[in-house]
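# Topology and contacts: notes
If you want the building blocks of each chain, they are given just below.
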Amino acid sequence: MNIVVLVKSAVDEAELRADTAGHPVLKGAATKMSNFDMNGVEEAVKQKESNGGTVIVVTLGGAEAKKAIKEAMAMGGTRAVHVLAEPPDAPDSLGTAYFLAKAIKRLGEVDLVVCSEGASDTYQGQVGAMVAEFLDMPFLAYAKKVETEAGRIKCEQGFEGGVRVLEAKLPAVVSVVSEANVPRYPTLLQVMVAGRKAIEDITMASLKGDDYPETGMEVLDITLQSANRKRVLLDGSPEEASRKLVEALRREGVL
Amino acid sequence: MEVITYSEDAGLAGEVAAAGLDVASVLGADAVAVELDEVSAGLRSAGKALLLKGDRTLEEDTDSAAAAIVEVAKARDVRAVLVAETKFGTVVAAKVAARLRVGSLGMGKRLRVDEGRLVLERDAYGGKYLAQVAAKMPCVAMVQAGAYKAADARPQLLDALSVNVGDQRVVTVETRKSHRVESDIKSAPRIVSAGRGFAKKEDLALAQDLANALGAALGCSRPLSSDLGWMGEEAHIGLTGVYVHPQLYMAVGISGQLQHVAGIKDSKVIVAINKDAQAPIFQVADYGIVGDLYDVVPALTRFLRQG
Amino acid sequence: MKLFGAEQERVLGSLYGAEAAEVYGALLRSLSVVLEEKVAPLSLALDQGKEEIDKPRRVLFEQGVCKLPHASEFGGMGLPFGVYALAMELAGAADASTAMSLGIHNTVADAVERFGSPEQKKRLLPALLSGKKLAAFALTEPSSGSDARAMHTSAVWDGSQYVIDGSKMFITNAGEADVYLVFAATATGHGAFLVEGANPGLKVGRALKEKLGMRGSRTAEVRLVKCQVSADALLGKEGAGFEQAKQLLDSSRIVMGMICVGIARAAYGKALAYAKGRELFRKKLADMQLTREKLAAAAIETSAARLLCMHAARLKEAGKPFSSEAAQGKVLATEMAVRTCDAAVQLFGGYGYTSDDVHRHLRDARLLTIGEGASEVLRMLIASQELERES
C-alpha cells in the first residue's frame, strides 16, 4: 500500500515568547512536529505494518521542518519530501494544500493520504479537506479508528452527538484525531537510522502552475491576549473555602 | 451582491446568519441563509433564506453540502460564504473554498470589512494570541458558536432552488448515539466543567449537582468526551472543541492545559478547583481552591443550596 | 521540565561541531521526550517505594541507552562516549536511581567489551546491551571500600575451577542481576570473574532498607560461599583485575558525574519555578538578591561540572589518558550536586524540608560523593598525578 502522511512543523507554543509590544517572536521560534500529526504518522505506520508498503512523509515548511520530518521518519516513514517554504513566502491553507497535492501527484500511485484534524499551533482544520479536493479523492474526517481492506477504507468518526461509521473506496484522504492511537516512541537506533536518510527537497516554484489560487490572504496582526486574572487562592477547609468563593462570586455579580 | 451563510445546525444557522447580516450591511449586500433539503423549524434570522434541494439528501455528507453551496455561490454574486464552525461545517467550509479557489479565513469570533477585504478575528498559537486575518472577497470564513447572537425573527424565504451534486463517495453506514451525560453549553451563562480529576463516570453526578445548584450547564475537557466517552463531543470545551464565554466558568478537576484554556479565555469569571497547587489552571483563574474535588464540590453545592 | 534544551545543544555544538551536534542532538532530544513522558513521572513514586524498580529501567533499555557507546558488532550504536555521557545526564535528571543502576550495569558491559574473550563477548554483550540480562559490579567489600586492594574475597584455582569466597557490600542491582562481575584476590594479583546470579555459591543478602536516597535501586550485600566458577568466567588475565577496575572506574566516574549534573538540574529546575511563583515582602522570591546568588551559583557550577566531565569524555574518545580529569569531574559534579540540591531545599523553605519531591534530589546526590570513588580518594589520585608532572 502506498501511504502518504502529511506533517506540519509547528511553532512550539510552550516556548513561544512575546516581544514588548505583545507580538509573538516567530523568527527563530522553537518548532516541533504538530502534536496531532504524531497521531497521523502513527496511523500511517500502523497501516503500513498491517498492509505492507511504504509511508512517504510530505511536509511544506521552512528549513527547520527537517527536524519534524526526521522524527516522522524515525517513527517508521520510508522516505520524505520537503516542499521548501520560508516564512515570508509561506502560503495560506489553500496554497499549502495546492503544493502538498502537487507534491503527492508526483509520487505516482497513492492509496491513502493520512493527515490530522488540525495543526497544533494554528488549528483551523482546512488543509486536509482541501488536499482531498485537489487530489479529487474522498475525504473522511475526524477518524478515531481506521480500517483498510481490499481497496476500501472504513473509519469511525466522532461527531457532536455520537459516532458515525463511514466507508469509501480507496484512494482516499483521512484525517485522524488524537484519540485514534498512541504515537510510538522511536528507539535511539531508529532515530539514528532515520537521521541518515535523505530527504527530497522541492521548491514551490517548481510545483506552481497557472492554476495556483491567489487568495490575497494576509495576517494583519497577531497580539497577545492578556490573561489579567485575579489569581486569588481561597484557603481553609472545604466549607470555609466554599463560603469565601460564594461571597466573591456574589460580589462579582455572576451569582 | 450577497453574503451567504450556512450551518447544518438550526441554532448555529441563526447565529451565522446574524454574522452574515453584519457583514452584508457594511457591503450593502443581502444576507442569505442557505438551507439544505428543508428549512429548519428552529431557524432564526433577520435576513433571507434560500432553500436548496437535490435528487439526494444534500446534508447527507460534506461533499453534497459543499457542492450545493458552491453551485449557489457560482450562480449568484456572492462576496462571502460564512459557515458555523462544527466538525461538519469545518469540512464544508474547506471544500467550498477549495472548489471556488478562494481563501478560507478559518474559524473565529468577529468579522469586519476593511478596505474591501473580509477580516476575521481568530485565536492563534494555542489561544494565547489574537490574530486578524484578511482575504480578498469572495472568500469563506467560519464563525464560532456563541460569537454572534441569533435574531428573534423567522427569515424571509426566497426561492427553493434545485442543485446537481455528484455521486456520494463517502457513505455513512451506521450512526451510533451514545448514552452520555447531557449538556448544552454553547450559550449558557454559567458552566461547570469536569476534567480528569474525576475518577469515574458516575462521579460526574457531583459535578451535575453543583451545576444544578448554580443553574449552570455541564461541560468537560477533551479527555472526558473524546477519550473516555463520558460526555458528548458537544460538551468538550477547548481549542479543538467548543469556545464558551459565560459569566461564570468553573473548572473542576481540570489541570488547565493550553488546549483547554483556549476555549474559556473570554469567560467573565473563572474559578478553578484542583488538588494540585501547581496545576496551570490556577494561572488563568480569578478564584481558585486547592483541594480534593470530592471534598470541595459537595461542600460548595451544600453551601449554594442553603443560600 | 524540558530535559534536552538550548544549554545541552550549545554544549554539543561546541564540543562536536555543528554537523555532528545536529545528529547527536536529534538522538538526545528524542530520548528526552521519552524520559519526560515515561520515566520522570514515576520518579517520586520510585523514591517512595510505590513503583517497580524495573519499570523505568526497562524504558531506558528499550530506548537503547546502553547501546550508545558500544561497538556495533555486538549490538551497540558505536557513538562517541560523550554522547552516552550526555544521555546519562538526561537520565539522571529524569530519575537518579534508574540512571545509576543502568550506569553500573553498563560498566560491566564495558568490562566484557574491553577485556572479554570473543566467546565471552558473543555470549554476554548482546544480552547486556539490550537489557535482556542485568549486571552488577561487585568490587567493594564490608571492610574495604576506598582501599580496594585490601579486599579479602579470594578466588582459588583448585585444578579444574576457581572457588571464590568472600563478601561484597553496597552492591547495586544485587538480587536482580543475572550476572555479577566479582573482583577477587588471586594467586597472581586480582581477577575479575563473571558469576551467574543463579550460581548456588552466590548469596544475596537483604536489600538495604535505610538508604538515605537512591531508593529506586536495590542495594545489598553479596556473599560468595565456596562459589565455583569455571575458567571461562575469568575476564582477561588472572592478575589483571586491579588494573581493569581502575580503567573501568575512570569511565564510570564520568558517567556518575554526569548523572549528578542531571540531579542538580532537576532540583534547580524545581527551585527556579518555585522562586518565580513564590511571593514574600511584596516581591517575588526570584527578585531577591540572595535567591539570585543561589541561582547563579547553581548555573555556574552545573555548567562547570558538565564541561569538566565532558572534557574527560572527549579525552577518552581520543584515546588519551583521562584518569585525573574524570576524577576531577566526578569530585566537582558530585559535590556541587549536593550543594545545589541543598540550596534548592533551602529555597523551598518549609516545603523543601517536608516534601519528598524536593529533598529526594539531595538524598540521591548524597551517595555519589561516597560511591564510585569517594571524594577523598579521588583527591589523592588527582594530587599524586599533579606531583608527577614536570614542574
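Residues numbered from 1 in each chain as written. Chains lettered and ligands numbered in written order. Predicted model: local features only at pLDDT ≥ 70, side-chain atom pairs only at ≥ 80, totals over all residues. Heavy atoms only, no water.

### Comments concerning the interface of chain A and chain B
When the parts of a complex come together, some accessible area is lost, and that lost area is often used as the size of the interface. In this complex, chain A contributes 82 residues to the contact, which on the side of chain B involves 88 residues. For the pair chain A and chain B, the summed buried area comes to about 7,300 Å², and 57% of that belongs to carbon and sulfur atoms. Of all residues in chain A, the largest losses of buried area upon contact with chain B belong to A:Gln124, A:Gln225 and A:Arg229, amounting jointly to 10% of the total for that side. Counting across the chain A and chain B interface gives eight salt bridges. For B:Arg117, the salt bridge identified is with A:Glu218, shortest N-O distance 2.8 Å. The tally of links between chain A and chain B comes to 44 residue pairs in polar contact (both at pLDDT 80 or more). Of all the elements, helix α7 (residues 238–252) of chain A adds the most residues to the side of chain A that touches chain B, at 11 residues. Among the residues making up the side of chain A that touches chain B, the classes are represented as 41 nonpolar, 16 polar and 25 charged. (Contact = heavy atoms within 4.5 Å. Buried area = accessible area lost by both parts, 1.4 Å probe. Salt bridge = Lys/Arg side-chain N within 4 Å of Asp/Glu carboxyl O. Polar contact = N/O pair within 3.5 Å; in protein donor to acceptor, adjacent residues only side chain to side chain. Helix = DSSP H or I, 4+ residues; strand = E, 2+ residues; numbered from the N terminus. Nonpolar A, V, L, I, M, F, W, Y, C, P; charged D, E, K, R; others polar.)

### Side note on the sheet that holds strand β14 (residues 248–252) of chain B
Spatial ordering of the open sheet is given by β13(A)-β16(B)-β15(B)-β14(B)-β12(B)-β13(B), a layout of six strands whose pairing is parallel. For this open sheet the edge positions go to β13 (232–233) of chain A together with β13 (217–220) of chain B, each flanked by a neighbour on one side alone. Judged from the four bridges that link them, strand β15 (residues 269–274) of chain B and strand β16 (residues 287–290) of chain B form a sheet pairing that is parallel. Considered in β16(B), the bridge of B:Ile273 is made with B:Ile289. Against the sheet, α7(A) engages β14, β15 and β16 of chain B, with an angle of about 170 degrees to β16(B). Against the sheet, helix α4 (residues 204–214) of chain B contacts β12 (190–194), β13 and β14 of chain B, and its axis sits at roughly 170 degrees relative to β12(B). (Pairing = 2+ DSSP bridges. Axes fitted to C-alpha atoms, helices over the stretch in contact; angles between N-to-C directions.)

### Topic: the arrangement of the chains
Among the two pairs of chains that make contact, the interface with the largest number of contacts is formed by chains A and B. The two partners chain B and chain C share no contact, and the minimum distance between any of their C-alpha atoms is 10 Å.

### Re the domain arrangement of chain B
Residues and elements named next belong to chain B. The assigned domain composition of chain B is domain 1 (2–163) and domain 2 (183–306). In this structure, domain 1 and domain 2 have C-alpha centres spaced 31 Å apart. Between domain 1 and domain 2, the contact holds 13 residues from the first and 10 residues from the second. In this assembly, domain 1 and domain 2 are joined by three salt bridges. (Domains from an automatic or database assignment.)

### Observations concerning the packing of helix α5 (residues 81–94) of chain C against helix α6 (residues 96–115) of chain C
Residues and elements named next belong to chain C. α6 packs onto α5 with a crossing angle of 145 degrees between their chain directions and a minimal axis gap of 6 Å. Residue-level contacts link Tyr-84, Met-88, Ala-91, Gly-92 and Ala-94 of α5 to Ala-96, Ala-99, Leu-102, Gly-103 and Asn-106 of α6. Its residues assigned to classes, the contact of α5 with α6 shows seven nonpolar, three polar and no charged.

### Quick notes on the pairing of strand β1 (residues 2–7) of chain A
All names here are of chain A. Counting buried positions along β1 gives five out of six residues, so the element sits mostly inside the fold. Judged from the six bridges that link them, β1 and strand β4 (residues 54–61) form a sheet pairing that is parallel. What sits directly across from Val-4, in β4, is Ile-56. Across three bridges, β1 lies against strand β6 (residues 112–116) in parallel orientation. Note that in β6 the partner of Ile-3 across the bridge is Leu-112. (Buried < 20%, exposed > 50% of the residue type's maximum accessible area, 1.4 Å probe, protein only.)

### Points about the packing of helix α10 (residues 323–348) of chain C against helix α13 (residues 375–388) of chain C
For any two helices packed against each other, the geometry is given by the interaxial angle and the distance between the axes. Residue and element names in this part refer to chain C. Between α10 and α13, the shortest axis-to-axis distance is 9 Å and the interhelical angle comes to 145 degrees. Note that α10 runs across α13; the crossing there is left-handed. The segment α10 lies against α13, with Ser-323, Ser-324, Ala-327, Gln-328, Lys-330, Val-331, Thr-334 and Glu-335 engaging Ser-375, Leu-378, Arg-379, Leu-381, Ile-382 and Gln-385. For the contact of α10 with α13, the per-class residue count stands at five nonpolar, six polar and three charged. (Left-handed = near helix turned anticlockwise from the far one by under 90°.)

### A look at α13(C)
All names here are of chain C. With 14 residues, α13 should cover 20 Å at 1.5 Å per step; its first-to-last C-alpha distance of 20 Å lies within 8% of that length. Within α13, burial applies to Ser-375, Leu-378 and Ile-382. In an axial view of α13, the angular spread of the buried residues amounts to 65 degrees, which keeps them on one side of the axis. In α13, those exposed residues whose orientation departs by more than 90 degrees from the buried face are Glu-376, Met-380, Leu-387 and Glu-388. Against α8 (241–277) and α10 lie the buried residues of α13. (Expected span 1.5 Å × (residues − 1). Arc of directions from axis to C-beta.)

### With respect to the interface of chain A and chain C
Between chain A and chain C, the residue contacts involve 11 residues of the former and 18 residues of the latter. Interface area for chain A against chain C, summed over the two sides, is near 1,200 Å², with a carbon-plus-sulfur share of 65%. Put simply, chain A and chain C have two salt bridges between them. A salt bridge links C:Lys2 to A:Asp12, with the nearest nitrogen and oxygen atoms 3.0 Å apart. The interface formed by chain A and chain C includes four residue pairs in polar contact (both at pLDDT 80 or more). Elements represented by at least two residues in the side of chain A that touches chain C include exactly α2 (65–75) and α5 (188–196) of chain A. If you tally residues by element for the side of chain A that touches chain C, the top one is α5(A), at four residues. In terms of residue class, the side of chain A that touches chain C is built from six nonpolar, one polar and four charged.

### Considerations on α7(A)
All names here are of chain A. Compared with the 21 Å implied by 1.5 Å per residue over 15 residues, the 21 Å span of α7 between its first and last C-alpha is a close match. For α7, the complete set of buried residues consists of Ala-241, Ser-242, Leu-245, Val-246, Ala-248, Leu-249 and Glu-252. Relative to the axis of α7, the buried residues are bounded by an arc of 165 degrees and lie together on one face. Looking at the residues trailing α7, positive phi occurs at Gly-253, about 80 degrees.

### A short note on unusual backbone geometry
Residue A:Pro171 is bonded to the preceding A:Leu170 through a cis peptide linkage, with omega at 5 degrees. Within the secondary structure, A:Pro171 sits in the loop between β9 (162–169) and β10 (172–176). For the peptide bond that leads from B:Met137 to B:Pro138, omega is 5 degrees, which places it in the cis range. By the element assignment, B:Pro138 lies in the loop between β8 (129–136) and β9 (139–143). Residue B:Asp37 is not a glycine yet carries a positive backbone phi of 70 degrees. As for its placement among the helices and strands, B:Asp37 is situated in the loop between β2 (30–36) and β3 (48–53). A positive phi angle, near 50 degrees, is found at C:Phe281, a position not held by glycine. Locating C:Phe281 in the fold gives a position in the loop between β9 (279–280) and β10 (283–284). Judged by its relative accessible area of 72%, C:Phe281 falls in the exposed class.

### Description of the pattern of salt bridges
Scanning all chains against the criterion turns up 60 salt bridges over all chains. One salt bridge in this structure joins A:Glu200 and A:Arg106, with 2.9 Å as the shortest N-O distance. Separated by 94 residues along the polypeptide, A:Glu200 in strand β11 (residues 199–203) and A:Arg106 in the loop between α3 (93–105) and β6 bring together distant segments of the chain. Look at A:Glu200 and you get partly exposed, because its relative accessible area is 29%. For C:Asp54, the salt bridge is made with C:Arg58, and the minimal N-O distance between the two is 2.9 Å. Within this pair, C:Asp54 and its partner C:Arg58 are both found in helix α4 (residues 54–63), separated by four residues, close to a single helical turn. Note on C:Asp54: relative accessible area 26%, which makes it partly exposed. By relative accessible area, which is 31% here, C:Arg58 ends up partly exposed.

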